[in-house]
Amino acid sequence: MGGERSPRAFVGEVGKLWLDGRVKATLTESVPQIGAPQVWQSGHTGEGVKVAVLDTGYDTDHPDLAGKVIDSQDFTGQGVEDVAGHGTHVAATIAGTGATTSGAGKGVAPGADLVVGKVLGNDGSGVESDIIAGMEWATTTAGAKVVNMSLGGPDTAGVDPMEQAVNDLSAQTGALFVISAGNEGPRSQTIGSPGSADAAVTVGAVDKQNVLAEFSSSGPRVGDLAVKPDITAPGVDIVAAKAGGGLRSASGTSMAAPHVAGAAALLAELHPDWPATRLKAALTSSAVPTPGLTAFQQGTGRVDVNAAATATVIAEGAPVFGPVSSTVNAPVTRTVSYRNLGSTPVTLTLEVSAAGAPAGLFTVSATSVTVPASGTADVTVTVDGHGRPVGSYSGQLTATTGSEVIRTAIGAYVQPEQHTLNLVVKDRLGAPANTTVWVFSRQSDTETPVAIANGSGTIDLPAGSYYLGALIKTDDTWTMAVVPANMSQDRTIILDSQQAKKATVTVGEPTARQILRETYVNFHYGVEDGLYTGFSMADYVLPVSDQGITYTAIAYFDKEGSSATSPSPYFYRIVDQRSGVPSEPTFQGTPANLTKVDVTYRGTASYASLLVQPEFDTGLSSPAALIYSPVKMPSVVTEYRTPGRWRGLLRFDGKQVLSDPREFGSGLDNTETWNGAVIGPALPAKNGYWSGTAWRDNNEMVFNYIKLHSDSEAGHGGENADTEGSMRLFRDDQQIWSNFVKPRTWLVPVTVPEAPSQYKLTASATNRNGATSTQIDTEWTFTSDATANGPLPLMVVRYRPDGLDELNRAAAGTVTPVVTSVQREPGQAVTSLASCLIESSVDDGSTWTTVAQGSTCGTPQITNPAAPGFVSLRATLADQAGNTAKQTIIRAYQVKEAPGSTRIRVQKDAGAGNRITIRGNVSPLTWSAGRDCVKVSTAVWDCWVPGIPAGQAFEYKPLINDSVWSIGSNYHGVGGTTQEITPTF
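Residues numbered from 1 in each chain as written. Predicted model: local features only at pLDDT ≥ 70, side-chain atom pairs only at ≥ 80, totals over all residues. Heavy atoms only, no water.

- By the naming in an unreviewed UniProt entry, the protein is Subtilisin BPN, taken from Nonomuraea coxensis DSM 45129.
- Listed in UniProt under the heading Sequence similarities (unreviewed entry), the comment for the protein reads: "Belongs to the peptidase S8 family." (UniProt positions renumbered as here; feature names shortened; annotations may be inferred.)

Below is the structure:
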């Protein structure tokens, strides 16, 4: 609830697409599951039928869609090309050629033509006006017979503009709208709009075994409690075309809907004169129900297009009974019509089956009916709730002739005694308000909107307790009102914004400015512990002392005048959370009631920003405080935070580092460092963003993105978009899987045998833009079998060098202690280390020196080179169970010149394989032995000489290979300065 509903936002399941897909079921499985190949064998592939795909566009170059799209139109202003990837997957499921799989993975109706309307933007969301325009274009201009809409938004009681457009265009043009049910299951009354429209074929999702997907939205429909969805189809782990080429897996009712749209295209080729109502009737009448599911979960069952194509009788009409009273004798009767598609009369045996329904609730007017050849016959179904238990009930009316079964879904809600709630709503000026009051039942998972016009509205409610919530606008301000309501009799409740108090958060710092303010009032409701949340636009809140309500105000402050080019040196981050809505919702943050947190940023960046979010229970369906603040790198920033759990996300120059939720407060370590060396592999805990790295599930190993670019802070995990690399899995020395693009691979399962085998997993990344951690290579070995379910026994070494400067540099010629810790994949059984070997290199891995060796990694003491350069680190681990890890980080940290060093830059190409040295007359230089210079490029060498006092005059000469002197007189230098020379040899 909350906020103005225009323009409404409608989205496909794009967020679910990338993260949750598991590559298991291709169209070679889901298409036969619904009987499409049998229809193809009869010569029907959807040829000549136009199917519209209203979605995120399509990949114009994908081979699976080559020649399939005959018309397209963009309604978003972003071009028809599919950036989100959702529409490409959907289109290929309907009518893809299967070229990527050599024809094996065809769509349901490979002969159909596609017309594509891009109504959702590149972020996967869209607005109502664009979607309606796309619907009109598809049915009137493009001439589509079937329209697939794998999108949706929250439904409300009554007919909204989207639902009205579906109903009107279907009636006017005969086009069938196939629409996803939504992914808000398993809770009831979660069918989205416009799938909630009467004329739509609303599609839920099942897996390969016809088991309902947990995410599949369920009915009954909001408002009149009619049966929805109408049908189900495969929608779990569907592999189809990926925008950009190849295939990808996706789950959602977005994936189920195109299976039904393709089925409708096959039927439309068979019966080109059929209107939408008859196509829908044929599909739903012939569906195959999953035992144990209600009609509110599956409609009539999983689509069977072969059964629909060969049906001799179909049932037309989806009876809507609405709520029926348990206390008033008022039966409700609806008509079901049977249509005989054959040339001879057919006698049907009728039966109502409704598991769990009280006897006599559903009755049919006859036990049999004869349908004339090419004609129709009607029967009536009656629902009588009088004297029967309160509850939602559903079932099917079946009509049988021989082996053919024709199904009609039926459902009704028997409601208890009703009481009238009269609502009076006033704005802050005392004038009647126009808004929506949402009624949340504390006995069921229902949310019912009540339209408030000219300050009043009415709703009849069953006896029980409720929460009422509304946002009330007065000029440019909003009041949030949430109150409890006990309905044991008729009553009137007044929501008077004049009684509201302004929600404020301030700080005592006079130079501070507020950059974010969010106010929430939330509460638990329903039997499944649902959570309601108000919007952050509320300026005023209505005080209430109910302990089941929580008030939360979030406010952030930075320094007035700060900007992206001049970031703030401090931040205040405040969460004011209380039980009930206080009569004085004000809070002033000061250093005394907040926790001071010193935040250090190391390294450099062209632009960096930090997102900090409270891990408090705000009841949000999306994260709180979604604001990025610019920060300077390097710098130290002071933050004042409300004591509690916080998490952060730093983004800079194609990189991002995320922290686990962490507690800050009195007596705790209230410091945090971002982008501290060494950047390397990490195995962060599952935390709502990271979802684990690698684990085994029976005969599958599942690999997620390996966080190779994490900074040194405990609890941090990171990624770098500017890397290229690979992941590989070997079993008994044979490679069985690889990914050669980037190591960012989400939830990829690899089938492995049950028997014990020796495995090796490698992950490598090359940093194309960066001075440190330029090459990261990891290798793990372990033994695994089918009994070893859970996290794989991976381990990494985390390094934290002490004494580095703000740019992650050590001084030349010094010793750097490197604190190490061994991190394991969270959740695995910890086995003690058997051995740890740490090595360092100052020549990018050409040679290595042992710096620590034993049963622990300890704190190696690294002797940095005398000249500026880099230190690389290599670790080799083994545990008592025989698992091993090898980890190499080239250029782990940088070495800068020692303070007061003298630099002589020699501009000379010494030739391949040669080196340049320098000799002189002031210590540490001598005329008898040369000091090596560092090759910067082919013709540039830097000779660093520490220890010559600043201002000290000295003489020197360069040599090639410490044997061939430069021609001419000695050069003259001054200690502590830089001098460039171009000698001749």
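1. Some points on unusual backbone geometry
Next, step 1: Of the consecutive residues glycine 185 and proline 186, the connecting peptide bond is found in the cis state with omega at 5°.
Next, step 2: Within the secondary structure layout, proline 186 lies in the loop between strand E8 (176–180) and strand E9 (201–206).
Next, step 3: Omega for the bond connecting lysine 228 with proline 229 falls within 30 degrees of zero, at 0°, which places this linkage in the cis form.
Next, step 4: Within the fold, proline 229 resides in the loop between E9 and strand E10 (231–234).
Next, step 5: You will see that aspartate 653, though not glycine, has its phi angle at about 45°, which is positive.
Next, step 6: Mapping aspartate 653 onto the fold places it in the loop between strand E41 (644–652) and strand E42 (655–659). (Helix = DSSP H or I, 4+ residues; strand = E, 2+ residues; numbered from the N terminus.)

2. Things to note about helix H5 (residues 128–141)
Next, step 1: Between its first and last C-alpha atoms H5 spans 19 Å; for 14 residues at 1.5 Å apiece the expected length is 20 Å, and the two agree.
Next, step 2: By the burial criterion, the buried members of H5 are Glu128, Ile131, Ile132, Gly134, Met135, Trp137, Ala138 and Thr139.
Next, step 3: Directly beyond the C-terminal end of H5, a positive phi value near 75° is found at glycine 143. (Expected span 1.5 Å × (residues − 1). Buried < 20%, exposed > 50% of the residue type's maximum accessible area, 1.4 Å probe, protein only.)

3. Considerations on the state of the cysteines
Next, step 1: If you walk through the whole model with that rule in mind, you get 2 disulfides.
Next, step 2: The disulfide that involves cysteine 836 links it to cysteine 857, with 2.1 Å between the sulfurs. Classification of the bridge connecting cysteine 836 and cysteine 857 rests on its S-S torsion, roughly 110°, and on that basis the disulfide is right-handed. Highlighted residues: cysteine 836 in strand E59 (residues 833–841) and cysteine 857 in the loop between strand E60 (849–854) and strand E61 (861–863), separated in sequence by 21 residues. Residue cysteine 836 shares its accessibility class with cysteine 857, and that shared class is buried.
Next, step 3: In this model cysteine 933 forms its disulfide with cysteine 943; the gap between the sulfur atoms is 1.9 Å. The S-S bond linking cysteine 933 to cysteine 943 shows a torsion near 100°; that makes this disulfide right-handed. With cysteine 933 in the loop between strand E66 (931–932) and strand E67 (934–937) and cysteine 943 in strand E68 (residues 940–945), this residue pair connects regions lying 10 residues apart in the sequence. Note on accessibility: cysteine 933 and cysteine 943 belong to one class, buried. (Disulfide = S-S within 2.5 Å.)

4. Focus on the nonpolar core
For soluble globular proteins, nonpolar side chains are generally found buried alongside one another.
Next, step 1: If you look at the biggest cluster of nonpolar residues, it comprises 59 residues, and the most contacted ones within it are Leu114, Val178, Val203, Val260 and Leu283.
Next, step 2: With 11 residues, the single largest contributor to this core is helix H7 (residues 253–270).
Next, step 3: Not counting residues within four places of it along the chain, the set of residues in contact with leucine 283 comprises Leu176, Ile231, Val260, Ala263, Ala264, Leu267, Val303 and Ala308.
Next, step 4: With 47 residues, the next largest nonpolar core counts Val678, Val752, Phe782 and Leu794 among its residues. (Core = buried A, V, L, I, M, F, W, Y, C linked by side-chain atoms within 4.5 Å. Contact = heavy atoms within 4.5 Å.)

5. Considering the packing of aromatic side chains
Next, step 1: Tallied over the full model, the rule gives 12 aromatic pairs.
Next, step 2: Seen from their ring centres, tyrosine 556 and tryptophan 646 are 6.4 Å apart, and the 40° between their planes marks the pair as tilted. Of this pair, tyrosine 556 sits in strand E34 (residues 549–559) while tryptophan 646 sits in strand E41, and the two are 90 residues apart along the sequence. As far as the burial class goes, tyrosine 556 and tryptophan 646 line up, both buried.
Next, step 3: Here a set of aromatic residues connected by ring pairs shows up, and it is made of Trp438, Phe440, Tyr467 and Phe523.
Next, step 4: If you follow lysine 760 out to its NZ or CZ, it ends over the ring of phenylalanine 730, 4.6 Å from the centre. (Phe/Tyr/Trp six-rings, centres within 6.5 Å; stacked < 30°, edge-to-face > 60°. Lys NZ or Arg CZ within 6 Å of the ring centre and 35° of its normal.)

6. Side note on empty space enclosed by the protein
Next, step 1: Scanning all chains against the criterion turns up 2 cavities of 30 Å³ or more.
Next, step 2: If you add up the space inside the largest cavity, you get close to 60 Å³.
Next, step 3: Leu27, Gly105, Val239, Ala240 and Leu247 are, among the 11 residues lining the largest cavity, the residues nearest its centre.
Next, step 4: No other element matches strand E11 (residues 238–241), which puts 3 residues into the lining of the largest cavity. (1 Å grid on protein atoms, 1.4 Å probe; cavity = no way out; pocket = protein on both sides within 12 Å on 5 of 7 lines; lining within 4 Å. Points joined across faces, edges and corners; volume = space filled by probe spheres on them.)

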